[in-house]
Amino acid sequence: MAESGEQLPEEVLAFIFRHLPLRDRAAAARVCRAWAAAATCSTVWHDTSISCDCEREGILLSYLSACLNHIHNLRLEFEPSKEPSRRMATELLTALAGCSQGLRGLCLECRGEKPLFDAGRDVLNAVHAICRAARELHHLDLRRLPFTLDDKLVLQVARGCPELRSLFLNNSTLVGSVGPESVLDLLGACPRLHSLGLHLASLSYTALEVLTAPLRAPFTLLALRCACPEDARAPPLPNEAWAALLRRHPGLAVELELEPALPAESVARILQPAVPVAALRLCLSADTVGPLRFAAQHYAATLRVLEVRATASAELDAALELLAARCAGLHEVHCFCLVRPSVLYAFRTHCPRLRSYTLKLTRQPHPWRPTLMA
């Protein structure tokens, strides 16, 4: 501790305060003027995470009012089924929209269950307000919002956020309401966009052509979720279009998430040989063995993450062993069913870059925890 009359430098205090939760920052700001100055300086607030379930509602906006201008990147977590948590999140977003000139990144995460028939208009209206005001917004991540995202939101992003670099709309909604035309408007309005998360039905052949334009900035990540009926009915994207996109952007990585709503014929249309799949997450009610064998044959050079939710079988084990033998660059593999010992041996033997895996040989209590490689 400093002696009486001494004071730690403001930059040291700021470094300490930036690691405190909001309620502790507020308490520190009430100690003395020097601590108050340090607790409200821009260094503390540049990258901020707030959980509306953990903070005391009464201190939130009163303390944040002097600090909102300093927030560049915000991760906001709340529980939509709990009225105090939801109100706190909505009020914070609304206040942030009024002074969001410096905002660069916004990530919203919902925890718990979403109330039935809840469209989330209060939360989405606040997001609209931020997109109208934050002209310098670079990153917007809404993939953990349980509400239906629509064309109106995408068009607001296109009009209000021309500097956008990444946008993730591939959330867990049961209805896909973002049309391909809105995505085309977005790509035209945001030429620096390099990462995009969508439902498959929102992506079109024309969008792939736009991304291959000669003057387009390097495009690095396309995350596609295939989970709703619109995704199952989406027209196929030809292999030639994917090949052209990869030639234009050789560093492109594609993440595919295939959910139970997809019939086997839709899965066959989605899995094209030229797609540079880096992450494949399979949770299919139909055949899983076929997609795994297809991935082993065509994605050996690019696949880094594999997640499988399926029923245990000898055929599934054999497909996993084949994939392990061919996909030496895997970093993670998580299989949420029991596997035979030879599957574990195959991944540990053939995948030297493996960082973590979930490959259980015997039944264990859920949730299953991954094993981290030394």
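Above: the structure in question.
Quick caveat, the model's predicted, so the values are computed rather than measured. (Residues numbered from 1 in each chain as written. Predicted model: local features only at pLDDT ≥ 70, side-chain atom pairs only at ≥ 80, totals over all residues. Heavy atoms only, no water.)

Participant: Looking at this model, I keep getting lost on the overall build of the protein chain. Mind explaining?
Facilitator: In terms of regular secondary structure, the protein chain is built from 16 helices and 13 strands. For 374 residues, the compact-globule formula gives about 21 Å, and the C-alpha radius of gyration of the protein chain, at 23 Å, lands near that figure. Over its C-alpha atoms, taken along the principal directions, the protein chain stretches across nearly 70 × 45 × 40 Å. For the protein chain, with 374 residues in total, the buried portion stands at 49%. Residue pairs at least 24 apart in sequence account for 73% of intrachain contacts in the protein chain once pairs closer than 6 positions are excluded. Carbon and sulfur atoms provide 55% of the accessible area of the protein chain, an area that totals close to 17,200 Å². Between the averaged position of the 40 positive side-chain charges in the protein chain and that of its 38 negative side-chain charges there is a distance of 3 Å. (Helix = DSSP H or I, 4+ residues; strand = E, 2+ residues; numbered from the N terminus. Rg over C-alpha atoms; globule rule 2.2 N^0.38 Å. Buried < 20%, exposed > 50% of the residue type's maximum accessible area, 1.4 Å probe, protein only. Contact = heavy atoms within 4.5 Å. Areas by Shrake-Rupley, 256 points an atom, 1.4 Å probe, with all protein chains shown as cover. Lys, Arg positive; Asp, Glu negative; His and termini not counted. Charge placed at Lys NZ, Arg CZ, Asp CG, Glu CD.)

Participant: Quick question: what am I supposed to make of the side chain of Glu79 here?
Facilitator: Inspection of the secondary structure assignment puts Glu79 in the loop between β2 (73-78) and α6 (83-97). Setting aside its immediate chain neighbours within four residues, Glu79 contacts Asp53, Ser85, Arg86, Arg111 and Gly112.

Participant: Which parts of the structure should I look at to understand the pattern of salt bridges?
Facilitator: Between side chains of opposite charge, a pair can form as their charged atoms come close. Taken as a whole, this structure holds 14 salt bridges when the rule is applied. Ionic pairing is found between Arg86 and Asp122, a salt bridge with its closest N-O pair at 2.8 Å. A residue pair is termed long-range when its members are at least 10 positions apart, and Arg86 in helix α6 and Asp122 in helix α7 (residues 121-133) qualify at 36 residues. According to the relative accessible area criterion, Asp122 is partly exposed, its value standing at 30%. Among the salt bridges present, the one from Arg111 reaches Glu109, with a minimum N-O distance of 3.9 Å. By relative accessible area, Arg111 is classed as partly exposed at 40%. Through salt bridges with shared partners, a single ionic network connects Arg75, Glu77, Glu109 and Arg111. (Salt bridge = Lys/Arg side-chain N within 4 Å of Asp/Glu carboxyl O.)

Participant: How should helix α2 (residues 22-29) be read in this particular structure?
Facilitator: Think of an α-helix as 3.6 residues a turn; residues three or four steps apart then line up on the same face. Taken together, the buried positions of α2 are Leu22, Arg25, Ala26, Ala28 and Ala29. Axial view of α2: buried residues confined to an arc of 160 degrees, hence all on one face. (Arc of directions from axis to C-beta.)

Participant: Looking at this model, I keep getting lost on a nonpolar patch on the surface. Mind explaining?
Facilitator: Among the surface-exposed residues, Leu8, Val12, Phe15 and Ile16 lie close enough to one another that they form a single nonpolar patch of about 350 Å² accessible area. Locating Leu8 in the fold gives a position in the segment before α1 (10-17). For Leu8, a relative accessible area of 41% translates into the label partly exposed. (Patch = residues over 30% accessible without salt bridge, like charges linked within 9 Å, V, L, I, M, F, W, Y side chains within 5 Å.)

Participant: Please clarify how the environment of Ser182 should be interpreted in this entry.
Facilitator: With respect to the element layout, Ser182 can be found in helix α9 (residues 180-189). Taking the C-alpha atoms as reference, Ser182 lies 9.0 Å from Asp150; in sequence the two are 32 residues apart. With near-sequence residues (within four places) excluded, Ser182 lies in contact with Asp151, Val154 and Leu155.

Participant: Whenever I open this one, the side chain of Asn170 confuses me. Can you help?
Facilitator: On the secondary structure map, Asn170 appears in the loop between β5 (166-168) and α9. Sequence-distant contacts of Asn170, defined by excluding residues within four places in its chain, comprise Arg143, Gly197, Leu198, His199, Ala223 and Arg225.

Participant: How should unusual backbone geometry be read in this particular structure?
Facilitator: It is generally the case that most residues other than glycine have a negative phi and that most peptide bonds are trans. A cis amide bond, omega 5 degrees, links His366 with the succeeding residue Pro367. Structurally, Pro367 is set in the loop between β12 (356-359) and β13 (371-372).

Participant: Whenever I open this one, the nonpolar core confuses me. Can you help?
Facilitator: It is characteristic of soluble globular proteins that their nonpolar side chains tend to be buried jointly. Judged by nonpolar contacts, the single largest core of 118 residues is most densely connected at Leu196, Trp242, Leu323 and Phe347. In terms of residue count, α7 provides more of this core than any other element does, seven residues in total. In this structure, Phe347 is in contact with Leu320, Leu323, Ala324, Leu330, Val333, Leu354 and Leu359, ignoring residues within four places of it in sequence. (Core = buried A, V, L, I, M, F, W, Y, C linked by side-chain atoms within 4.5 Å.)

Participant: Any chance you could explain the environment of Ala29 here in plain terms?
Facilitator: Counting through the fold element by element, Ala29 comes out in helix α2. Residue class for Ala29 comes out buried when judged on its relative accessible area of 17%. For the pair formed by Ala29 and Gly105, sequence separation is 76 residues and the distance between their alpha carbons is 25 Å.

Participant: Mind showing me how you'd approach the packing of aromatic side chains here?
Facilitator: For any pair of aromatic rings, the description rests on two quantities: the centre-to-centre distance and the angle between the ring planes. Evaluation of the coordinates by the stated rule reveals two aromatic pairs. The side chain of Arg143 reaches across the aromatic face of Phe168, ending 3.9 Å from its centre. Stacked on the ring of Phe336, the Lys or Arg Arg309 has its end atom at 4.1 Å from the ring centre. (Phe/Tyr/Trp six-rings, centres within 6.5 Å; stacked < 30°, edge-to-face > 60°. Lys NZ or Arg CZ within 6 Å of the ring centre and 35° of its normal.)

Participant: How should I be thinking about α1 in this particular structure?
Facilitator: Taken together, the buried positions of α1 are occupied by Leu13, Ala14 and Phe17. The arc enclosing the buried residues of α1, seen along the axis, measures out at 100 degrees, which places them on a common side. Exposed residues on α1 whose side chains face more than 90 degrees from its buried face are Glu11 and Phe15. In this structure, the buried side of α1 is in contact with α2, α3 (33-39) and α4 (42-45).

Everything listed here is a matter of geometry and, on its own, says nothing about what the molecule does.
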